[in-house]
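Here's the letter readout for the chains.
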Amino acid sequence: QRKQFDFNERIVGLLDKLMNLVGELVLARNRLKSIRPRLRDEALHRAVSQLDVATSRLQSAVMAARMQPVGRVFARFPKLARDVARQLGKSVELEVIGADTELDRNLVEALADPLVHLVRNAIDHGIESPARRQASGKPAAGTVRLSAQQEGDHVTILVRDDGGGIDPEAIRRRAVEKRLVDAETAARMSPDECLQLLFLPGFSTRDAVSDLSGRGVGMDVVQSKIRELSGQVQIHSEIGRGSCFSIRVPLTLAILP
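Below: a short report on this structure. (Residues numbered from 1 in each chain as written. Predicted model: local features only at pLDDT ≥ 70, side-chain atom pairs only at ≥ 80, totals over all residues. Heavy atoms only, no water.)

Here's the deal with helix 4 (residues 77-88)
Helix length check: helix 4 (twelve residues) gives 16 Å between terminal C-alpha atoms against 16 Å at 1.5 Å per residue, within 8%. If you check which residues of helix 4 are buried, you get F77, L80, A81, V84 and A85. Buried positions in helix 4, seen along its axis, are confined to an arc of 125 degrees and lie on one side of it. In helix 4, the exposed positions that point more than 90 degrees away from the buried face belong to K79 and R86. Looking at the buried side of helix 4, the elements it contacts are helix 3 (71-74), strand 2 (92-97), helix 6 (112-126) and strand 4 (142-151). With its phi angle positive at about 70 degrees, G89 sits one or two positions after the end of helix 4. (Helix = DSSP H or I, 4+ residues; strand = E, 2+ residues; numbered from the N terminus. Expected span 1.5 Å × (residues − 1). Buried < 20%, exposed > 50% of the residue type's maximum accessible area, 1.4 Å probe, protein only. Arc of directions from axis to C-beta. Contact = heavy atoms within 4.5 Å.)

Quick look at the structure:
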């Protein structure tokens, strides 16, 4: 196992070096393409065109070698969901969709912590107790769906639950109580704007600290991490029907236009 680990590390290091070299080659290619019109040399034009094609193919090949399925991260969540649900006395089924969707390996690794937080939150804050679910006409077991889908040069990852949803008014009141926003400003906010208050540093709906929540460190950290990856995170929620957290990140950060 140690030899296999060392071999994998060497491969990863080699891919990083190749990507850096390809990045330098792309910059040189772009420089040649920018000065080509000024020189008006037909032989130079053909040579730069050939270089352009070869560089693009090399870039694509190296990027493809760095790609890994998000299932590498998703694989840890069934056990996480079972453990959190058991700790909270809830019944939760985790559905995983699109585990074969590929991302740059650095992004796959960087998304692990934000996704862990979102899945735990979905079970802790989103899914109701079995008794409460049955009282509202829902199955006793809640569902958390973790899905990934490629959309052009980006990947969208959704963490969706069929729980009680997020009450914008409760978020508004809590933010004012914790003095994260003044009452006058909060009163002018739309329901969607109230949901964005979840991303404020220090926001928490819990009065007591537990193993899962109440520490005041949460969605703001998730948002900061996603922004570091040149991505975005959005919230959609409907009271009584559940919530969906959407993460959109580029396929790779190795070479940007």
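Having seen the model, we can carry on.
Points about the packing of helix 4 against helix 6
At a minimum axis separation of 10 Å, helix 4 and helix 6 run at an interaxial angle of 35 degrees. The two elements helix 4 and helix 6 meet at a crossing, and its hand is right-handed. Residue-level inspection shows F77, L80, A81, V84, A85 and L88 of helix 4 in contact with helix 6, the latter providing A112, L115, V116, V119, R120, I123 and D124. When the residues that make up the contact of helix 4 with helix 6 are grouped by side-chain class, the tally is eleven nonpolar, no polar and two charged. (Axes fitted to C-alpha atoms, helices over the stretch in contact; angles between N-to-C directions. Left-handed = near helix turned anticlockwise from the far one by under 90°. Nonpolar A, V, L, I, M, F, W, Y, C, P; charged D, E, K, R; others polar.)

Structural notes on the nonpolar core
Grouped together as the largest cluster of nonpolar side chains are 50 residues, with contacts concentrated most on L103, L111, L115, I157 and I247. The leading source of residues in this core is helix 6, at six residues. What L103 contacts, discounting residues up to four positions off in sequence, is R66, M67, Q68, V70, V108, L111, V155, V249, P250 and L251. (Core = buried A, V, L, I, M, F, W, Y, C linked by side-chain atoms within 4.5 Å.)

Thoughts on unusual backbone geometry
A positive phi is found at R40, a non-glycine position, where the angle reads about 55 degrees. Along the chain, R40 turns up in the loop between helix 1 (2-39) and helix 2 (42-66). According to the relative accessible area criterion, R40 is exposed, its value standing at 77%.

Some details on the pairing of strand 7 (residues 242-250)
Counting buried residues in strand 7 gives eight out of nine residues, a clear majority hidden from the surface. Relative to strand 7, strand 5 (residues 154-161) runs antiparallel, the two being bridged by eight bridges. The residue bridging H154 from the neighbouring strand is P250, located in strand 7. Relative to strand 7, strand 6 (residues 232-238) runs antiparallel, the two sharing seven bridges. Looking at strand 7, one finds that S237 is bridged to S243. Between the antiparallel neighbours strand 6 and strand 7 lie three residues, among them G240 with a positive phi of about 85 degrees. (Pairing = 2+ DSSP bridges.)

Geometric descriptors of this kind do not, in isolation, establish any biological role.
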